[in-house]
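Analysis of the macromolecular model
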Amino acid sequence: PLRIAVLASGRGSNFAALLAARERGELPVEFVLVATDKAAAPVLQLAQMAGIPTMVLDPRDYADRRAYDFALFDRIGASKPDLLVLAGFMRIIDGEALKPWVGRMINIHPSLLPKYRGLHTHRRALKAGDLQHGASVHYVTAELDGGPVIAQASMPVEAGDDESTLAERLLPLEHQLLPAVVALIAAGRLALGENGIVFDQQALDQPLRW
Ligand code: GAR
(Lines give C-alpha, C1' and ligand atoms only; values in the text may rest on other atoms or scores of the structure.)
Protein backbone atom coordinates (compact mmCIF):
# COMPACT_ATOMS: atom_id res chain seq x y z
CA PRO A 1 0.00 0.00 0.00
CA LEU A 2 0.92 3.64 -0.44
CA ARG A 3 3.00 4.80 2.51
CA ILE A 4 1.77 8.11 3.88
CA ALA A 5 3.34 10.59 6.26
CA VAL A 6 0.99 13.24 7.63
CA LEU A 7 2.15 16.69 8.78
CA ALA A 8 -0.23 18.53 11.06
CA SER A 9 -0.10 21.31 13.62
CA GLY A 10 -3.37 21.06 15.49
CA ARG A 11 -6.70 19.36 15.94
CA GLY A 12 -6.19 16.69 13.32
CA SER A 13 -9.74 16.27 12.08
CA ASN A 14 -8.54 15.87 8.49
CA PHE A 15 -6.09 13.21 9.62
CA ALA A 16 -8.96 11.55 11.49
CA ALA A 17 -10.98 11.55 8.27
CA LEU A 18 -8.14 9.76 6.49
CA LEU A 19 -7.90 7.21 9.29
CA ALA A 20 -11.66 6.64 9.19
CA ALA A 21 -11.60 6.13 5.43
CA ARG A 22 -8.89 3.55 5.82
CA GLU A 23 -10.81 1.81 8.60
CA ARG A 24 -13.86 1.61 6.36
CA GLY A 25 -11.67 -0.15 3.83
CA GLU A 26 -11.88 2.73 1.38
CA LEU A 27 -8.28 3.87 1.49
CA PRO A 28 -5.60 1.25 0.86
CA VAL A 29 -2.75 3.12 2.53
CA GLU A 30 -0.37 2.73 5.41
CA PHE A 31 0.24 5.66 7.75
CA VAL A 32 3.93 5.49 8.52
CA LEU A 33 4.29 8.74 10.48
CA VAL A 34 2.43 11.70 11.90
CA ALA A 35 4.82 14.64 12.27
CA THR A 36 4.06 17.90 14.03
CA ASP A 37 5.73 21.18 14.94
CA LYS A 38 3.56 21.50 18.06
CA ALA A 39 4.11 19.24 21.06
CA ALA A 40 0.58 19.95 22.32
CA ALA A 41 -1.18 19.22 19.03
CA PRO A 42 -4.23 16.96 19.61
CA VAL A 43 -3.40 15.17 16.36
CA LEU A 44 -0.63 13.40 18.29
CA GLN A 45 -3.10 11.60 20.55
CA LEU A 46 -5.18 10.57 17.55
CA ALA A 47 -2.12 9.01 15.96
CA GLN A 48 -0.97 7.33 19.15
CA MET A 49 -4.41 5.81 19.73
CA ALA A 50 -4.26 4.42 16.21
CA GLY A 51 -0.80 2.99 16.82
CA ILE A 52 0.88 5.24 14.26
CA PRO A 53 4.43 6.48 14.92
CA THR A 54 4.65 10.17 15.78
CA MET A 55 7.36 12.78 15.72
CA VAL A 56 7.47 16.22 17.29
CA LEU A 57 10.04 18.63 15.93
CA ASP A 58 10.08 22.04 17.59
CA PRO A 59 11.08 24.94 15.31
CA ARG A 60 12.53 26.76 18.31
CA ASP A 61 15.28 24.18 18.44
CA TYR A 62 16.57 25.28 15.01
CA ALA A 63 18.44 28.37 13.88
CA ASP A 64 16.08 29.28 11.06
CA ARG A 65 13.30 28.05 8.85
CA ARG A 66 15.57 26.36 6.35
CA ALA A 67 17.48 24.43 9.02
CA TYR A 68 14.22 23.29 10.55
CA ASP A 69 12.66 22.25 7.27
CA PHE A 70 15.72 20.30 6.14
CA ALA A 71 15.78 18.47 9.49
CA LEU A 72 12.04 17.82 9.27
CA PHE A 73 12.13 16.32 5.78
CA ASP A 74 15.27 14.39 6.60
CA ARG A 75 13.51 12.65 9.47
CA ILE A 76 10.30 12.19 7.57
CA GLY A 77 12.29 10.66 4.74
CA ALA A 78 13.64 8.05 7.14
CA SER A 79 10.10 6.61 7.31
CA LYS A 80 10.20 6.09 3.54
CA PRO A 81 6.84 7.65 2.72
CA ASP A 82 5.51 7.67 -0.84
CA LEU A 83 3.30 10.66 -0.15
CA LEU A 84 3.34 13.52 2.36
CA VAL A 85 -0.05 14.92 3.29
CA LEU A 86 -0.22 18.35 4.90
CA ALA A 87 -3.41 18.27 6.96
CA GLY A 88 -3.56 21.52 8.88
CA PHE A 89 0.21 22.03 8.87
CA MET A 90 0.42 25.72 9.65
CA ARG A 91 3.96 26.54 8.60
CA ILE A 92 5.41 28.03 5.44
CA ILE A 93 7.93 25.54 4.06
CA ASP A 94 11.31 26.49 2.65
CA GLY A 95 11.36 26.09 -1.12
CA GLU A 96 14.74 24.33 -1.26
CA ALA A 97 13.82 21.90 1.52
CA LEU A 98 10.61 20.83 -0.15
CA LYS A 99 12.07 20.50 -3.65
CA PRO A 100 12.77 16.75 -3.45
CA TRP A 101 9.14 16.20 -2.47
CA VAL A 102 7.46 18.12 -5.27
CA GLY A 103 4.94 15.73 -6.81
CA ARG A 104 4.87 13.67 -3.62
CA MET A 105 3.34 16.21 -1.25
CA ILE A 106 -0.22 17.55 -1.12
CA ASN A 107 -1.94 20.12 1.07
CA ILE A 108 -5.52 20.89 1.98
CA HIS A 109 -6.28 24.59 2.09
CA PRO A 110 -9.57 26.16 3.23
CA SER A 111 -10.32 28.35 0.22
CA LEU A 112 -11.21 28.05 -3.42
CA LEU A 113 -7.67 28.56 -4.67
CA PRO A 114 -6.30 30.64 -6.33
CA LYS A 115 -8.36 32.81 -4.01
CA TYR A 116 -7.02 33.47 -0.52
CA ARG A 117 -3.65 31.87 -0.22
CA GLY A 118 -2.30 32.07 3.31
CA LEU A 119 -4.28 32.71 6.48
CA HIS A 120 -7.79 33.89 7.45
CA THR A 121 -9.44 32.47 4.38
CA HIS A 122 -12.97 32.41 5.82
CA ARG A 123 -12.75 36.03 6.91
CA ARG A 124 -11.42 37.09 3.52
CA ALA A 125 -14.15 35.25 1.61
CA LEU A 126 -16.80 36.98 3.74
CA LYS A 127 -15.20 40.37 3.37
CA ALA A 128 -15.10 39.97 -0.40
CA GLY A 129 -18.81 39.13 -0.41
CA ASP A 130 -18.19 35.78 -2.10
CA LEU A 131 -21.27 33.69 -2.81
CA GLN A 132 -19.25 30.47 -2.82
CA HIS A 133 -16.55 29.29 -0.48
CA GLY A 134 -14.67 26.05 -0.29
CA ALA A 135 -11.52 24.02 0.13
CA SER A 136 -8.81 22.90 -2.25
CA VAL A 137 -6.30 20.08 -2.31
CA HIS A 138 -3.18 20.93 -4.28
CA TYR A 139 0.33 19.71 -4.92
CA VAL A 140 2.82 21.60 -2.80
CA THR A 141 5.42 23.67 -4.62
CA ALA A 142 7.72 26.45 -3.47
CA GLU A 143 4.95 28.98 -4.05
CA LEU A 144 2.81 29.25 -0.89
CA ASP A 145 -0.58 27.64 -1.55
CA GLY A 146 0.23 28.12 -5.23
CA GLY A 147 0.87 24.59 -6.52
CA PRO A 148 -1.44 22.90 -9.05
CA VAL A 149 -4.95 22.37 -7.68
CA ILE A 150 -6.12 18.75 -7.80
CA ALA A 151 -9.69 19.03 -6.57
CA GLN A 152 -12.02 21.40 -4.77
CA ALA A 153 -15.18 21.23 -2.69
CA SER A 154 -17.45 24.24 -2.64
CA MET A 155 -20.53 25.41 -0.80
CA PRO A 156 -22.71 28.50 -0.79
CA VAL A 157 -22.06 31.32 1.64
CA GLU A 158 -25.31 31.99 3.49
CA ALA A 159 -26.79 35.18 4.90
CA GLY A 160 -25.64 35.51 8.50
CA ASP A 161 -22.51 33.42 8.04
CA ASP A 162 -19.52 34.42 10.10
CA GLU A 163 -15.99 33.03 10.14
CA SER A 164 -16.85 30.22 12.49
CA THR A 165 -20.03 29.05 10.76
CA LEU A 166 -18.17 29.00 7.44
CA ALA A 167 -15.29 27.01 8.92
CA GLU A 168 -17.69 24.61 10.59
CA ARG A 169 -19.74 23.95 7.44
CA LEU A 170 -16.64 23.58 5.33
CA LEU A 171 -14.97 21.01 7.54
CA PRO A 172 -17.15 18.00 6.61
CA LEU A 173 -16.48 18.81 2.95
CA GLU A 174 -12.74 18.83 3.65
CA HIS A 175 -13.17 15.45 5.31
CA GLN A 176 -14.53 14.05 2.06
CA LEU A 177 -12.22 15.89 -0.27
CA LEU A 178 -8.90 14.92 1.24
CA PRO A 179 -9.51 11.14 1.43
CA ALA A 180 -10.93 11.24 -2.09
CA VAL A 181 -7.74 12.77 -3.45
CA VAL A 182 -5.52 10.41 -1.46
CA ALA A 183 -7.58 7.50 -2.82
CA LEU A 184 -6.92 8.70 -6.37
CA ILE A 185 -3.20 8.87 -5.70
CA ALA A 186 -3.22 5.47 -3.95
CA ALA A 187 -4.91 4.01 -7.02
CA GLY A 188 -2.17 5.44 -9.22
CA ARG A 189 -4.67 7.54 -11.12
CA LEU A 190 -3.13 10.91 -10.49
CA ALA A 191 0.31 12.42 -10.73
CA LEU A 192 2.10 15.70 -11.14
CA GLY A 193 3.63 15.83 -14.60
CA GLU A 194 5.93 18.42 -16.11
CA ASN A 195 3.05 20.48 -17.40
CA GLY A 196 0.75 20.08 -14.43
CA ILE A 197 -1.58 17.40 -13.18
CA VAL A 198 -1.95 14.14 -15.05
CA PHE A 199 -5.06 12.02 -14.62
CA ASP A 200 -5.11 8.41 -15.64
CA GLN A 201 -7.72 7.87 -18.35
CA GLN A 202 -9.49 5.49 -15.97
CA ALA A 203 -10.13 8.40 -13.65
CA LEU A 204 -12.13 10.10 -16.37
CA ASP A 205 -14.09 6.98 -17.34
CA GLN A 206 -15.04 5.78 -13.87
CA PRO A 207 -16.62 8.22 -11.48
CA LEU A 208 -15.29 7.99 -7.96
CA ARG A 209 -17.39 6.53 -5.20
CA TRP A 210 -16.99 9.64 -3.04
C1 GAR B 1 -8.36 22.75 8.08
O2 GAR B 1 -9.48 23.57 7.91
C3 GAR B 1 -7.37 22.96 6.96
O4 GAR B 1 -7.99 23.20 5.72
C5 GAR B 1 -6.65 24.18 7.44
O6 GAR B 1 -6.49 24.01 8.82
C7 GAR B 1 -7.56 23.20 9.30
C8 GAR B 1 -6.97 22.03 10.05
O9 GAR B 1 -7.96 21.33 10.73
N10 GAR B 1 -5.38 24.32 6.79
C11 GAR B 1 -4.77 25.48 6.58
O12 GAR B 1 -5.25 26.53 6.93
C13 GAR B 1 -3.44 25.38 5.88
N14 GAR B 1 -2.89 26.69 5.67
P15 GAR B 1 -7.65 19.89 11.31
O16 GAR B 1 -6.39 20.00 12.16
O17 GAR B 1 -8.85 19.56 12.16
O18 GAR B 1 -7.47 18.95 10.16
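Calculation criteria
Residues numbered from 1 in each chain as written. Predicted model: local features only at pLDDT ≥ 70, side-chain atom pairs only at ≥ 80, totals over all residues. Heavy atoms only, no water. Near = heavy atom within 4 Å. Polar contact = N/O pair within 3.5 Å; in protein donor to acceptor, adjacent residues only side chain to side chain. Areas by Shrake-Rupley, 256 points an atom, 1.4 Å probe, with all protein chains shown as cover. Helix = DSSP H or I, 4+ residues; strand = E, 2+ residues; numbered from the N terminus. Nonpolar A, V, L, I, M, F, W, Y, C, P; charged D, E, K, R; others polar. Buried < 20%, exposed > 50% of the residue type's maximum accessible area, 1.4 Å probe, protein only. Pairing = 2+ DSSP bridges. Right-handed = clockwise from strand over helix to strand, strands pointing away. Axes fitted to C-alpha atoms, helices over the stretch in contact; angles between N-to-C directions. Parallel < 35°, antiparallel > 145°, perpendicular 65-115°, else oblique. Left-handed = near helix turned anticlockwise from the far one by under 90°. Contact = heavy atoms within 4.5 Å. UniProt positions renumbered as here; feature names shortened; annotations may be inferred. Phe/Tyr/Trp six-rings, centres within 6.5 Å; stacked < 30°, edge-to-face > 60°. Lys NZ or Arg CZ within 6 Å of the ring centre and 35° of its normal. Core = buried A, V, L, I, M, F, W, Y, C linked by side-chain atoms within 4.5 Å.

1. Some thoughts on the site of the ligand
- The environment of the ligand is made up of Arg11, Gly12, Ser13, Asn14, Gly88, Met90, Ile108, His109, Pro110 and Glu174.
- Note that an oxygen atom of the ligand is positioned 2.9 Å from one of the backbone N or O atoms of Asn14.
- Considering the ligand on its own, with 450 Å² of exposed area, one finds that the protein chains cover 87% of that surface.
- Those elements giving two or more residues to the shell around the ligand turn out to be α1 (13–23) and β5 (105–109).
- Class assignment for the residues of the shell around the ligand results in three nonpolar, five polar and two charged.

2. Section: the pairing of strand β2 (residues 29–36)
- Burial analysis of β2 places seven of its eight residues in the buried class, which makes it a mostly covered element.
- Bridge count between strand β1 (residues 2–7) and β2: six bridges; the pairing is parallel. In the sheet register, Leu2 faces β2, and the bridge partner there is Val29.
- Once you follow β1 into α1 and on to β2, the crossover reads as right-handed.

3. Things to note about the packing of α1 against helix α6 (residues 163–186)
- Their axes nearest at 9 Å, the elements α1 and α6 cross at an angle of 55°. It follows from the interaxial angle that α1 and α6 lie oblique. Taken as a pair, α1 and α6 cross one another with a handedness that is right-handed. Residues Ser13, Asn14, Ala17, Leu18 and Ala21 of α1 form the contact with α6, whose own contacting residues are Leu171, Glu174, His175, Leu178, Pro179 and Val182.

4. Some details on α1
- Every buried residue belonging to α1 is among Ser13, Asn14, Phe15, Ala17, Leu18, Leu19 and Ala21, and all of these are buried.
- If you follow the buried residues of α1, they end up packed against β1, β2, α2 (43–49), β4 (83–86), β5 and α6.

5. Examining the UniProt feature "active site" (unreviewed entry) in the chain
- Within the UniProt annotation, "active site" (unreviewed entry) is assigned to His109.
- Checked against the element boundaries, His109 lands in strand β5.
- Setting aside chain neighbours within four positions, we find His109 in contact with Tyr116, Arg117, Gly118, Thr121, Gly134, Ala135, Ser136, His138 and Asp145.

6. Focus: the packing of aromatic side chains
- Summed over the entire model, instances satisfying the criterion amount to three aromatic pairs.
- Centroid distance Tyr62 to Tyr68: 5.5 Å. Interplanar angle 75°. Geometry classified as edge-to-face.
- Assessed through its relative accessible area of 1%, Tyr68 is described here as buried.
- In this structure, Arg104 is placed above the aromatic ring of Trp101, and the distance from its NZ or CZ to the ring centre is 4.2 Å.

7. Focus: the environment of Tyr139
- Residue placement: Tyr139 occurs in strand β6 (residues 132–139).
- In this structure Tyr139 comes out as buried when scored by relative accessible area, which is 1%.
- Separated by 17 residues in sequence, Tyr139 and His122 have C-alpha atoms that sit 21 Å apart.
- Apart from the residues lying within four places of it in its own chain, the contact partners of Tyr139 are Gly103, Met105, Ile106, Gly147, Pro148, Ile150, Ile185, Leu190, Ala191, Leu192 and Ile197.

8. Quick word on the nonpolar core
- Val6, Ile106 and Val182 are the most contacted members of the largest nonpolar core, which has 38 residues in total.
- Ranked by residues supplied to this core, first place goes to α6 with nine residues.
- Counting 21 residues, the second largest nonpolar core, distinct from the first, contains Tyr68, Leu86, Phe89 and Ala97.

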